[in-house]
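# Inside the fold
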Amino acid sequence: MSTRLDLQIRLQSFFNNPTYYDTQSLNDSLQDGVDEVCAFTGCIYKSASIPFSQYTTYYDLLTLLPDYIGVVAVWNNTIRRWMYPQSLKKFNQVRIDWDVAYGTPYYFSPINHRYMAIYMKPGAPGYGNMFVFYRAAAPTLVDATVIPIPDEHLIVLESYSITDLWEQAQEWGKAEAEFKTYAAQLEALRVLMRSQRNRDRTVSLR
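Presented here is a report on the structure given in the accompanying data block.

Before going further, it helps to spend a moment on helix 2 (residues 23-41). With 19 residues, helix 2 ought to run about 27 Å at 1.5 Å a step, and its terminal C-alpha atoms sit 27 Å apart, in line with that. For helix 2, the set of buried residues is Leu26, Asn27, Ser29, Leu30, Gln31, Gly33, Val34, Val37, Cys38 and Thr41. Taking the backbone nitrogen of glutamine 24 as reference, a side-chain oxygen 3.0 Å away marks aspartate 22 as the first, capping residue of helix 2.

A few words now on the sheet that holds strand 3 (residues 68-76). Reading across from one edge, 1-8-3-4 is the order of the 4 strands in this open sheet, with antiparallel pairing throughout. Of all the strands in the sheet, just strand 1 (45-51) and strand 4 (81-82) have a single pairing partner and so form its edges. Direction of pairing for strand 1 relative to strand 8 (residues 129-136): antiparallel, over a ladder of 7 bridges. Note on strand 8: the bridge partner recorded for lysine 46 is tyrosine 134.

The next subject is unusual backbone geometry. Residue methionine 120 follows tyrosine 119 across a cis peptide bond; omega there is 0°. Locating methionine 120 in the fold gives a position in the loop between strand 7 (115-119) and strand 8. Residues other than glycine seldom take positive phi values, yet asparagine 16 does so here, at roughly 50°. Positionally, asparagine 16 belongs in the loop between helix 1 (4-15) and helix 2. Relative accessible area serves as the criterion here: at 64%, asparagine 16 is assigned to the exposed category. With a phi angle near 65°, tyrosine 55 is a residue other than glycine that sits in the positive phi range. Relative to the helices and strands, tyrosine 55 resides in the loop between strand 1 and strand 2 (58-60).

Take the pattern of salt bridges next. Here the structure, examined in full by the defined rule, presents 6 salt bridges. Across the pair arginine 95 and aspartate 97 runs a salt bridge whose closest N-O atoms are separated by 2.8 Å.

Here the focus is the pairing of strand 7. The side chains of a regular strand alternate, first on one face of the sheet and then on the other. Burial within strand 7 is extensive, with 4 of its 5 residues counted as buried. With 3 bridges joining them, strand 2 and strand 7 adopt antiparallel strand pairing. Each residue of the ladder has a partner; that of tyrosine 58, found in strand 7, is alanine 117. Strand direction decides the pairing type here: strand 6 (residues 107-110) and strand 7, joined by 4 bridges, are antiparallel. Paired with serine 109 across the two strands is alanine 117, which belongs to strand 7.

Here we come to helix 5 (residues 155-168). With 14 residues, helix 5 extends 20 Å from end C-alpha to end C-alpha; this agrees with the ideal 20 Å at 1.5 Å per step. For helix 5, the buried fraction is high: 11 of the 14 residues fall into the buried class. The set of residues buried in helix 5 consists of Val156, Leu157, Glu158, Ser159, Tyr160, Ser161, Ile162, Thr163, Asp164, Leu165 and Trp166. Tucked into the core, helix 5 has its buried residues touching helix 1, helix 2 and helix 6 (172-195). Downstream of helix 5 by a residue or two, glutamine 170 has a phi angle that is positive, lying close to 60°.

How each quantity is defined
Residues numbered from 1 in each chain as written. Predicted model: local features only at pLDDT ≥ 70, side-chain atom pairs only at ≥ 80, totals over all residues. Heavy atoms only, no water. Helix = DSSP H or I, 4+ residues; strand = E, 2+ residues; numbered from the N terminus. Expected span 1.5 Å × (residues − 1). Buried < 20%, exposed > 50% of the residue type's maximum accessible area, 1.4 Å probe, protein only. Polar contact = N/O pair within 3.5 Å; in protein donor to acceptor, adjacent residues only side chain to side chain. Pairing = 2+ DSSP bridges. Salt bridge = Lys/Arg side-chain N within 4 Å of Asp/Glu carboxyl O. Contact = heavy atoms within 4.5 Å.

What follows is the structure, given as structure tokens:
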């Protein structure tokens, strides 16, 4: 497992110019890179228990889960079953006033980058909890932080930083050539992460 310090040393060796490519510049680039890579590929996967709220259809997941990027699956712990992902169009086809319907929550739908809706909603207090499985944002890195990217794909982060730092130095030709490597590696990691879905959790979003 590689840390920020490990990648910092690799980049220092690659550029071989500690005066121009100082430690702060390298660290800033690595942070920007890990933020972008994790957001685009969804390579950080987490879960959290969230109580069902009485009379509540819409859940602000970004407030409840500060590192939230996108929902993958939801488990209704009260009835011990996975909730089914559906579109708002489908909900409207079932009934136009679906968001005021009370009952057992069997379905969920992402609304936008932060809100998720459920159908139906509990009409009584203390209904129970749901377990939300989600893609998470990257942490703030320090030297000892283990990079949350599979080791065999760490080249994507190195390539991001090389591209970024060459752009800052206005080395446009070098940056353009390296960007092609970055884009290819980023797509390969995205495809890998989307393919790693638990077979038992068939009712989920990639």
